[in-house]
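What the coordinates show
Residues per chain are reported as follows:
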Amino acid sequence: PRDLPGSLYNAMIHPFVGFPLKGVIWYQGESNAWMGKSYADLFKRMILSWRERWNSKFTFLFVQLANHEAGENWAELRESQCKALSLPMTGMAVAIDIGEALDIHPRNKQDVGARLALAARSVAYVEELNHSGPIYKSMAAEGKAIRVLFDHVCGGLTCKGGELKGFTIAGADRVFHAAEAKIDGDSLIVRSPKVARPLAVRYAWRSNPACNLSN
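Here's a quick rundown of the structure. Predicted model, so just to flag it, every value in this text is computed and none were measured.

**Overview of the pattern of salt bridges**
- Across all of its chains, the model carries six salt bridges by this definition.
- Put simply, Glu127 and Arg121 hold a salt bridge, and the shortest N to O gap is 2.9 Å.
- Here Arg147 ties to Glu142 by a salt bridge, and the two come within 2.7 Å at their closest N and O atoms.

**Observations regarding the layout of surface pockets**
- The computed volume of the largest pocket comes to approximately 1300 Å³.
- What lines the largest pocket is a set of 37 residues, among which Gln64, Pro134, Ile135, Tyr136 and Tyr203 lie closest to the centre.
- Listed by contribution, the elements that provide at least two residues to the lining of the largest pocket are helix H3 (74–82), strand E3 (90–93), helix H4 (110–124), strand E4 (135–142), strand E5 (145–151), strand E11 (200–203) and strand E12 (213–214).
- Within the lining of the largest pocket, the residues separate by chemical class into 22 nonpolar, eight polar and seven charged.
- Within this model, the second largest pocket holds a volume of roughly 760 Å³.
- Along the walls of the second largest pocket sit 23 residues, with Gly6, Leu8, Tyr9, Trp26 and Met46 positioned nearest its centre.
- Counting residues per element, the ones that place at least two in the lining of the second largest pocket are helix H1 (7–12), strand E1 (23–27) and helix H2 (36–54).
- It is H2 that contributes the most residues to the lining of the second largest pocket, seven residues altogether.
- Class assignment of the residues belonging to the lining of the second largest pocket gives a composition of 13 nonpolar, seven polar and three charged.

Procedures and definitions
Residues numbered from 1 in each chain as written. Predicted model: local features only at pLDDT ≥ 70, side-chain atom pairs only at ≥ 80, totals over all residues. Heavy atoms only, no water. Salt bridge = Lys/Arg side-chain N within 4 Å of Asp/Glu carboxyl O. 1 Å grid on protein atoms, 1.4 Å probe; cavity = no way out; pocket = protein on both sides within 12 Å on 5 of 7 lines; lining within 4 Å. Points joined across faces, edges and corners; volume = space filled by probe spheres on them. Helix = DSSP H or I, 4+ residues; strand = E, 2+ residues; numbered from the N terminus. Nonpolar A, V, L, I, M, F, W, Y, C, P; charged D, E, K, R; others polar.

Laid out in structure tokens, this is it:
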């Protein structure tokens, strides 16, 4: 039965072990959303195990979960997916801004494919090009605000229309409040009048969030 551990791998992946690969594209479904915390370790172990079986550090590209209104815990799973980028020769295509709130199988596959192609050209074929949106790097409290720094700034941060959306901020009580975010050079300044001493920032932390930060 396909729902037993290892059955899908044994039937659909293992027969190809030994065939030469340049890389893999992984499109994650929503069925793992309930295991967001453990998925970070599970996903990296899967990538490493496949590379071990092939005896090759082939490129591994994956698509982050798109936005969907009915999803639960999808933000946590997206974060766990992103942690796989700590492995070498990996790339991620973000789909949170091109999905469909009411369709769990969004029709726009062209933009997903284009983003994967950019990642392949950069990671697998070592072309010097911008293949990723901004990815969180670090943060530091500055009085009543928090400054957030990013990798893949690629010439500057920008907002796709109007004001930045989707940011929340919290203090020691871990209660997150809607926050104002402004671009300051290659970083963001995030604050809220309801949080005097901020310690944490979240962005797009919903299954179907408003988000418009880009590079």
